[in-house]
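Structural description and commentary
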Amino acid sequence: MGTSQFHRRDVSTKPHKTARSNTNQFSSSTSLTDSTASLKRTTTTLLQCDAMTSEQGFDVAVIGSGVFGAWTSYQLIRGGAKVVLVDAYGPGNSLASSGGESRIIRMGYGADLIYTQMAQRSLVQWKELLGSSGLFQPTGVLWLAREKDAYCEAIFETLTRSKVPCEKLNRDQLVRRYPQLEFGQVAWGILELGSGVLLARRAVQAVVERVQENGGTYLGEQVLPLEVMTNQEGLDQNPGAGFLNQGTPKLSLLETAAGRKIRADAFVFACGPWLPKLFPSLLADLIHVTRQEVFFFGTPAGDDWFGPDKLPAWIDFNDLIYGLPNLDNRGVKIAIDEHGPEFDPDSGERIVSSESAAAVRRFLSRRIPALANAPVVETRVCQYENTSNGDFLIDRHPAFENVWIAGGGSGHGFKHGPAVGEHVAALLAGKATVEPRFSLRTKDKVQQRKVY
Ligand SMILES: Cc1cc2nc3c(=O)[nH]c(=O)nc-3n(C[C@H](O)[C@H](O)[C@H](O)COP(=O)(O)OP(=O)(O)OC[C@H]3O[C@@H](n4cnc5c(N)ncnc54)[C@H](O)[C@@H]3O)c2cc1C
C-alpha cells in the first residue's frame, strides 16, 4: 500500500478563528470575498474530482465526514497523504451522529485508561484546531455519584493517576456551588476542571474546512455499498469486474450513486450508523443503531443562572441521564443515555415521543426544580451506533487488504475524533497494530454494554 510512503506535509495548524463555517459546501450566506474563495475552492475540487477517474487517483479515500472521517482525513493529510473525503449528506448533517449541536468531552471512563488517555490526547488537538472560535466551551464536567459508587471511585482514581485536573466535592460543596441542582441521592461528585463541551456539527465542519485548506478534496456523493459493487459476500465469489486489483484481495476503486468512480490505494469507511447498510453481511449483527432523544429547555428571561459560567455539563450515569448548560442560548440540554429502539438513519422519524418528553419532565422536576415548567424549545432525535459492549470498531475489512472500517462510536465517540483519526492514519502507514479492543473479532452479536 502506498500510504507508508507519504511525505509529511506542511499542514496549517493555525487555530480556527470564527465560529462561522466558511466552507463553501455548507455556508448559505457568503460575502464577496467568501464567494471568490469559495469559487476558487469549488473549481479546485472539480478539477481534483476529475482525477478520481484517472489512473492517478488518491492515496486514501475516506467515506463519511462525521467526526471520525473528518479527523481521519485531517490526520492522514498531516502525514502527507493525498486524500478525498466523500459524504452523502454533508459534514455535520442533521442525520449523522455527529450532527448534534453539542457533545460533552470528558476524561472520565471508570477504570478504562484507554479511553481516558484518548480523550486527553483529543482534547489537546481539538483546542489546537478550534482555537478561539468558541466551538470548545470549557464548562467543566461534573460527575454525580452515589454513596457507594464503584464507577465514580474508579474515575477519580484514574483521573488522578492520569494527572487530569479534577476536584472531589462532598455533598455540602455541591449544594453550595450549584444551587440550580437538587441532588437527591447524590452523595458526592467529581469536577473535571479542563473538560467541557464541543459545539459538534460546527466543530466537524471546521475540521473538514481544515482538510480542504490543506489540499484535501471533499466530494458530496453517496458511495455504493461495497458488497453491491463487488457483487460478492466473500472475495472469491464473482468478484465485480474492475473493482478489484487482479489477483489480490485489494479494492481498486469505489463507485458513487452518481456513477463516479473513485480510485485510491486505500479506503476508510467511517460511516457511523450507516456501516451496517454498507457492509450488511459483515456488520448487520455487530452494530446496533438505536434511536436517542434530546431535549432543550428554555431558561427564565434575563437570568444567567444556567449559563456555562454558572453550571458545568453534568453526568448522572446511575440514572443514565446528562445535562448541558445553556450554550449559545439554545436552552438547557437534557438527554437520555439509555439505548432506545432500533433506528434507520435515512428514514427514521425524528420527532420525540410523548413518553420520553414526560419522563424527561419528571426528571427535570426532581433534578432542576426551577425548570420544572420550562418550555421545550427544541428537540432532536439522533442515533447511537452501538457495538456489543461500547468499544469502538477500528479494523481492516477481513476480505480486503486495503479497506478499513472506523466506527462503533456507541454514544461516546465524538470527543475521541482526533485520537481515532491519529490511530487510523498510523494503521494505514503500518506504524500501529489493531488495538484488540477495537478489533472486529472482539465484537459480539449480543448487546452487553460495558463502556459508557
Ligand atoms: C444524542 C447523542 C448524544 C451524544 N453525546 C455524546 C457526547 O456527549 N460525547 C461524545 O463524545 N459522544 C457523544 N455521542 C456519540 C458521537 O456523537 C458519535 O459517536 C460520533 O458522532 C460518531 O461519528 P461518526 O463519524 O462515526 O459517524 P457520523 O457522524 O454518523 O458520520 C457518518 C457519515 O457518513 C456519511 N455516510 C453514510 N453513508 C454514506 C455513503 N454511502 N456514502 C457517503 N457518505 C456516507 C453520513 O452522511 C455521515 O456524515 C452522542 C451521540 C448522540 C446521537
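See the structure printed just above.
So, here's what we can say about the structure.

Conventions we followed
- Numbers given for residues are sequential positions, taken from 1 along each chain in its written order.
- Restriction of local features to residues with pLDDT of at least 70 applies here, the model being predicted, together with a cutoff of 80 or more for giving and counting side-chain atom pairs; totals for whole chains, interfaces and linings are based on all residues.
- Put plainly, a residue is buried at 20 or more neighbouring C-beta atoms within 10 Å of its own, exposed at 12 or fewer, and partly exposed in between, counting only other residues' C-beta atoms, which are placed from the backbone.
- Helix and strand labels come from DSSP, where a helix needs a run of H or I of at least four residues and a strand needs a run of E of at least two; each type is numbered from the N terminus.
- In short, DSSP must find at least two bridges between two strands for them to pair.
- Think of it like this: strands point away, you trace from the first strand over the helix to the second, and a clockwise trace means the crossover is right-handed.
- In this text, near has one meaning. A residue is near a molecule or strand if its C-beta atom, placed using the backbone, is within 6 Å of it.
- In this classification, the charged set is Asp, Glu, Lys and Arg, the nonpolar set is Ala, Val, Leu, Ile, Met, Phe, Trp, Tyr, Cys and Pro, and all remaining amino acids, among them Gly, are polar.
- What fixes the domain bounds is an automatic or database domain assignment.
- Buried Ala, Val, Leu, Ile, Met, Phe, Trp, Tyr and Cys residues whose C-beta atoms connect them within 7 Å together make up a nonpolar core.
- For every residue pair, C-beta atoms are placed from the backbone, and the pair is scored as a contact if these atoms sit within 7 Å.
- Each axis is a line fitted through C-alpha atoms, and for a helix only the stretch in contact is used; angles between axes span 0 to 180 degrees, taken between their N-to-C directions.
- Each angle is binned into one of four classes, with values under 35 degrees roughly parallel, values over 145 roughly antiparallel, values of 65 to 115 roughly perpendicular, and all other values oblique.
- Note on convention: near helix rotated counterclockwise from far helix by under a right angle means a left-handed crossing. Clockwise means right-handed.

Quick word on the pairing of strand β1 (residues 58–63)
Here is the key point about a regular strand: its side chains alternate between the two faces of the sheet. Of all 6 residues that make up β1, 6 are buried, and the element is covered over most of its length. Looking at chain direction, β1 and strand β11 (residues 261–269) are connected through 5 bridges and run parallel. Bridge assignment links V62 to a residue of β11, and that residue is V268. Pairing between β1 and strand β2 (residues 83–86): 4 bridges, direction parallel. Across the sheet, A61 pairs through a bridge with V84, a residue of β2. Of the crossover connections in this fold, the one passing from β1 over helix α2 (residues 67–78) to the parallel β2 is right-handed.

Thoughts on the site of the ligand
Not every one of the 39 residues close to the ligand is listed here, only the nearest: G64, G66, G272, G409 and G413. Sorting the residues of the shell around the ligand by element identifies α2, β3 (103–105), β12 (288–297) and β16 (376–386) as the ones contributing at least two each. Here the residues of the shell around the ligand are counted per class, giving 19 nonpolar, 17 polar and 3 charged. Built from parts of two domains, the shell around the ligand gets at least three residues from each of domain 1 (2–14 + 29–97 + 201–286 + 389–442) and domain 2 (135–196 + 288–385).

Regarding the nonpolar core
V60, A61, I63, L198, V207, F267 and V268 are the most contacted members of the largest nonpolar core, which has 116 residues in total. The two domains that each donate at least three residues to this core are domain 1 (2–14 + 29–97 + 201–286 + 389–442) and domain 2 (135–196 + 288–385). If we skip the residues at most four places from it in the chain, F267 touches A61, I63, L251, L254, N402 and V403.

A closer look at the packing of α2 against helix α6 (residues 200–213)
At a minimum axis separation of 9 Å, α2 and α6 run at an interaxial angle of 30 degrees. Relative to α6, the element α2 lies roughly parallel. α6 is crossed by α2, and the crossing has left-handed handedness. On the side of α2, the interface is formed by V67, A70, W71, S73, Y74 and I77, while α6 contributes V204, V207, V208, R210 and V211.

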